[in-house]
Amino acid sequence: MLPVPGFTVALFPSSSSHPHRTPSWARYGFALLATGLAFALQWFLWRWLAPSPYFLFLAAVILSAWLGGHGPGALSTAAALVLSRLFFHEAPSSFSVAHHTITSALFTGVAALMTLVSARVRTTLHEAQVARAAAQANGHVLDTTLRSIGDAVLTTDSHGLVRFINPVASYFSGWREADAIGQPLERVLRLVDPSTREPIAPFLGAQNAERPVQLGKQALLLSRNGAELPIEHTAAPISDSHGHRLGSVIVFRDISARFREDHEHAQLLAREHDALLEAETQRERLETLFMQAPVAICLTRGADHVVELVNPLGQTLVGERLAPGRSIRETLSGLDPNLLHLLDDVFRKGTPFVGHEVPLRADFSGTGQDEVKYFDLTWQPWRGIGGETLGTMGLCAEVTEQVLARREVEALATDLQRALQIRDDFLSVASHELKTPLTSLQLQLQLLWRSLPETDANGNPHPARKRIEATRRPAERLHQLVNNLLDVSRIRAGRLALEHETVDFAALLHDVVARAEADASGAGCKLILHASSPVIGRWDRLRLEQVVTNLLSNAIKYGASHPVELSVVQDGPLARLTVRDHGIGIPPDSQARIFQRFERAVSERHYGGFGLGLWICKQIVDSLGGDIRVESQPGQGATFIVALPLEPPASGRSDSDSGSRSSSAR
């Protein structure tokens, strides 16, 4: 494969010179010297190394063969055998002679093997060093060549990082060589498609790809300094002798001149093509406008309004008689004369006319009977190239069904409004009629309850008082429902009058909580009140009590057997009331719905009520210029937060409002 700068790798460290370049006497002399040193060291260590006299001699053999080759290794082996025989041979015996013979034979075999291995390794290292030197020389030549050619060249490693960039590529891309080395290729070589301006990823090649080389692909190179250069680039993968991918090489050249020629040629062809298709395009445009428009279009010529062109929808609306060459007066004989005069005015004066839901009576079906249809009409003058009026052009869309449907909806809306008014009147009258006997019943029950002693003759709680107390609660509940219905009718009629006065919100909250202690105890709720400091503002006291009472009643109802917390604080120009229970909670999708009339977030089978309390609270809070919201999660209770301004809004001041209100309506 082609060697490329950046891929030459050092495989082995430097070795000594070739053995044939060293004098023979030096190589053999070194072998004798190494053997003599081993003998001297063995003689000195004989006391401890007596069983292994050949250990140091073997090291001398390996060193002689490594530095001198086969001959010095063999000389060192022979010298070691002689010295060990003369100076390290024990007293003769049959066992010692056999042992020394075996040891000498083993030493000779191992020494010969190590001599061959050492010499071979030394030769291999020398050949590798020579090959590396040649590769470095070739790489230098190739590096000089790549830096000198006129094409731009980049190379990458297997990870797509730039390893080489020649001066031409550096000039085109705007990247200096020192900055580009180590950068991702797609950052240095930013390519876009010339036609779509979409980014193009530089080709890096893929191992075992069907087409690993990319030839002559055109693109726009975005230089680092912002310039654009048309190029033609070629890319190919770089692999080693085993086929392993080492990187890629990309070669590209400037094709600005050819690109401009191709661009101008393409523009010329496009202009010629546009000129050839202009007539056909105009015809298709007219056909689309007149024949396929979603509205009826009629083009007339002259003062007699002779039909010049009519689209199929126009013929469908007014019948097949409206055809080219026929006058509108002749075609639509029963047409309103005023409309014909209007058409004449459009032709004479050149003033357009636009009409919505214009009723036209004519024989549209051709059966001889006139009928009325409704149209959205637009008539405007049809002018020639010189500005003269040639005729008129009308656009017409039939809206008969829409007009009839709208009128029917309006009639239904009127009937529905009348029914709602009757319902509201009935609720108002029924509430007034029910309040009187209910109030009387409550007073009679209260007087009867007070007239009875607390205990009977045996000292037990009087049973009649318990029965009266059990009767008072449904009566109060019914009285509250009647009041809610009356409030609904008043709010619907816009007669919810407010009387502002100075109120201590904290004291009012204490009073409401004190009155609700009995109901809370019956439901197993502990009321916790946080209202230590006064909160003074101008509100309608009775309506404010109604809001607090409704919220507290809901908290006791839906948070039974759990504590209920109430607090009121002053937050700048606002008073902020918080009522929190620890009951069933409200799902997020029902939190906005519960403030509407007759809406509930729970089943009526488990919790009673009309679903009016929170709607009334919201109407009162809105009338006072405030805001009410809820924060809740199912099973985690609900927190209602009411924010009211301390001073009523300018449009909401009603200290002098006319009309009287009964306190029983609360």
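Let me sum up the structure you'll find in this document. This structure is a prediction, so every number in the text was calculated from the model and none was measured.

**Looking at the overall build of the protein chain**
In terms of helices and strands, the protein chain carries 18 helices and 19 strands. Across the 666 residues in the protein chain, those meeting the buried criterion constitute 36%. Long-range pairs, those at least 24 residues apart, make up 58% of the contacts in the protein chain between residues at least 6 apart in sequence.

**Focus on the side chain of Ser248**
Position of Ser248 among the secondary structure elements: in strand β7 (residues 245–254). Look at Ser248 and you get buried, because its relative accessible area is 0%. Among the polar contacts listed, one links the side chain of Ser248 to the side chain of Arg245, at a separation of 3.4 Å.

**Regarding the sheet that holds strand β16 (residues 564–571)**
On the basis of which strands lie adjacent, the open sheet formed by five strands has the order β14-β16-β17-β19-β18 and mixed pairing. Two strands lie at the open edges of the sheet, namely β14 (527–530) and β18 (627–632), each paired on one side alone. If you compare each strand with its neighbour and ignore which way they point, the axes differ by 15 degrees on average. The pairing of β16 with strand β17 (residues 574–580) spans seven bridges and is classified as antiparallel. Bridge pairing in β17 places Asp571 opposite Leu574. Here helix α18 (residues 613–623) sits on the sheet in contact with β18 and β19 (638–645), set at roughly 140 degrees to β18.

**What about a nonpolar patch on the surface?**
A contiguous nonpolar surface patch, about 750 Å² in accessible area, is contributed by Phe30, Leu33, Leu37, Leu63, Trp66, Leu67, Leu113, Val117 and Val121. Put simply, the parts of the chain that give the nonpolar patch at least two residues each are α1 (24–44), α3 (55–68) and α5 (94–148). Exposure remark for Trp66: the relative accessible area of 33% places this residue in the partly exposed category.

**Side note on the packing of aromatic side chains**
In this structure the tally under the stated criterion is four aromatic pairs. Note on Tyr171 and Phe172: the rings are 5.8 Å apart at their centroids and 50 degrees apart in plane angle, and the pair reads as tilted. Centre to centre, the rings of Phe505 and Trp539 are 5.4 Å apart; their planes meet at 65 degrees, and the pair counts as edge-to-face. Taken together, the positions of Phe505 in helix α15 (residues 505–515) and Trp539 in strand β15 (residues 536–539) put the pair 34 residues apart, joining distant regions of the chain. With respect to class, Phe505 is no different from Trp539; both count as buried. One aromatic cluster is present, formed by Tyr171, Phe172 and Phe252 through successive ring pairs. Its guanidinium or amino end placed over the ring of Trp175, Arg224 lies 3.8 Å from that ring's centre, counting from NZ or CZ.

**With respect to the pairing of strand β8 (residues 296–301)**
Of all six residues in β8, five are buried; the element is thus mostly enclosed. Relative to strand β12 (residues 389–398), β8 is paired through six bridges, and the arrangement is antiparallel. Paired with Arg301 across the two strands is Gly391, which belongs to β12. Taking the residues that link successive antiparallel strands as the turn, the β8-strand β9 (residues 306–310) hairpin has four residues, and the phi of Gly302 there is positive, at about 80 degrees.

**Quick notes on the nonpolar core**
One finds Phe505, Trp539, Leu551 and Phe640 to be the most contacted residues of the largest nonpolar core, which totals 46 residues. For this core, the elements supplying multiple residues, two or more each, are α15, α17 (541–558), β16, β17, α18, β18 and β19. Top element by residues in this core is α17. It accounts for seven residues. Apart from the residues within four sequence positions on either side, Trp539 is in contact with Glu499, His500, Glu501, Val503, Phe505, Leu544, Ala575, Leu644, Pro645 and Leu646.

**Comments concerning the pairing of strand β1 (residues 152–157)**
The element β1 is extensively covered by neighbouring structure, given that six of its six residues are classed as buried. Covered by surrounding structure in β1 are Ala152, Leu154 and Thr156 together with Val153, Thr155 and Asp157, the residues of both alternating faces. With six bridges joining them, β1 and β7 adopt antiparallel strand pairing. Note that in β7 the partner of Thr155 across the bridge is Val249. Pairing analysis gives three bridges linking β1 to strand β2 (residues 162–165), with the strands arranged antiparallel. By the bridge assignment, Thr156 is partnered in β2 with Val162.

Definitions and cut-offs
- Counting restarts for each chain: residues are numbered from 1 in the order of the written sequence.
- The model is predicted, so local features are restricted to residues of pLDDT at least 70 and side-chain atom pairs to those at 80 or more, both for listing and for counting; the totals for chains, interfaces and linings are taken over all residues.
- Side-chain measures here rest on the full set of heavy atoms in the structure, leaving out hydrogens and waters.
- Runs of E in the DSSP output that reach at least two residues are strands. Runs of H or I that reach at least four are helices, and both are numbered from the N terminus.
- For every residue, the accessible area (1.4 Å probe, protein chains only) is compared with the maximum for its type, and the residue is labelled buried under 20%, exposed over 50%, or partly exposed between those bounds.
- The contact rule is simple, with two residues in contact once any of their heavy atoms fall within 4.5 Å.
- Identification of polar contacts relies on pairs of N or O atoms within 3.5 Å, with a donor-acceptor requirement for protein atoms, meaning one able to donate a hydrogen and the other able to accept it, and with residues adjacent in sequence counted only if both atoms are side-chain atoms.
- Between any two strands, at least two bridges found by DSSP are needed for them to pair.
- Where helices are involved, their axes are fitted lines through C-alpha atoms of the stretch in contact, as for all axes, and angles between N-to-C directions lie from 0 to 180°.
- Excluding any residue in a salt bridge, patches collect residues exceeding 30% relative accessible area, merging like charges within 9 Å and nonpolar Val, Leu, Ile, Met, Phe, Trp and Tyr side chains within 5 Å.
- Computed with a 1.4 Å probe, the accessible areas rest on the Shrake-Rupley method; for each residue, only the protein chains presented here act as cover.
- Should a side-chain nitrogen of Lys or Arg be within 4 Å of a carboxyl oxygen of Asp or Glu, the pair is scored as a salt bridge.
- Whether two aromatic rings pair depends on their centres lying within 6.5 Å, for rings of Phe, Tyr and Trp, where Trp uses its six-membered ring; planes under 30 degrees apart make the pair stacked, over 60 edge-to-face, and the rest tilted.
- Only Lys NZ and Arg CZ are tested; either one counts as a charge over a ring when it is within 6 Å of the ring centre and within 35 degrees of the ring normal.
- What we call a nonpolar core is a set of buried Ala, Val, Leu, Ile, Met, Phe, Trp, Tyr and Cys residues that are connected through their side-chain atoms within 4.5 Å.

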